[in-house]
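Overview (structure and organization)
Spelled out, the chains give:
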Amino acid sequence: MDKPKKIKLVNGEKGNVIKITSLNLEGVMRRRLLDLGFVSGALVEVVRKSPLGDPIAFRVSQTTIALRKEESSQIEGELL
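What counts as what
- Residues numbered from 1 in each chain as written.
- Predicted model: local features only at pLDDT ≥ 70, side-chain atom pairs only at ≥ 80, totals over all residues.
- Heavy atoms only, no water.
- Helix = DSSP H or I, 4+ residues; strand = E, 2+ residues; numbered from the N terminus.
- Rg over C-alpha atoms; globule rule 2.2 N^0.38 Å.
- Buried < 20%, exposed > 50% of the residue type's maximum accessible area, 1.4 Å probe, protein only.
- Contact = heavy atoms within 4.5 Å.
- Areas by Shrake-Rupley, 256 points an atom, 1.4 Å probe, with all protein chains shown as cover.
- Lys, Arg positive; Asp, Glu negative; His and termini not counted.
- Charge placed at Lys NZ, Arg CZ, Asp CG, Glu CD.
- Core = buried A, V, L, I, M, F, W, Y, C linked by side-chain atoms within 4.5 Å.
- Salt bridge = Lys/Arg side-chain N within 4 Å of Asp/Glu carboxyl O.

Our focus in this paragraph is the overall build of the protein. Assigned secondary structure in the protein consists of two helices and six strands. For the protein, the succession of helices and strands along the chain, N to C, is β-β-α-β-β-β-α-β. For the protein, the C-alpha radius of gyration of 12 Å lies close to 12 Å, the compact-globule estimate for 80 residues. Taken along the three principal axes of its C-alpha coordinates, the protein extends 40 × 30 × 20 Å. Taking all 80 residues of the protein together, the buried fraction comes to 32%. Taking the contacts inside the protein whose residues are at least 6 apart along the sequence as the reference set, 58% of them involve residues at least 24 apart. Split by element, the accessible area of the protein, about 5,200 Å² in all, is 50% carbon and sulfur. Placing the 14 positive and 10 negative side-chain charges of the protein at their respective mean positions leaves the two points 2 Å apart.

Here you go:
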């Protein structure tokens, strides 16, 4: 079986599903994202990217959330 491909959320393409492995954020932003469902093991789908790539809409826990590049580049996962 192939080894899962590591990817940052910011690099995901529309339709990709990514299983979160780590959040490299601190403070209030980390707490906010954890509360919204961006936890280790959660499945995140890339729903839409704006024309310039910022922000990006993600679906996690049946909720669509838009994140800026600076936040989504700090979240890593495995491309499924």
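Anyway, onward from the coordinates.
Bringing the nonpolar core into the picture now. Across soluble globular proteins, nonpolar side chains show a tendency to be buried alongside one another. Of all hydrophobic cores here, the largest spans 18 residues; its most connected members are F38, F58 and I75. Elements that contribute at least two residues to this core include exactly β2 (17-23), β3 (43-49), β4 (56-60) and β5 (63-67). With near-sequence residues (within four places) excluded, F58 lies in contact with L9, F38, V44, E45, V46, V47, T63, T64, I65, L67 and S72.

The subject of this paragraph is the environment of R59. Note that R59 resides in strand β4. Placed 14 residues apart in sequence, R59 and E45 show a C-alpha to C-alpha distance of 5.1 Å. For R59, the residues in contact, after removing those within four places along its chain, are L43, V44, E45, V47 and T64.

Applying the stated rule across the entire model yields five salt bridges. One salt-bridge network, held together by shared partners, links R68, E70 and E71.

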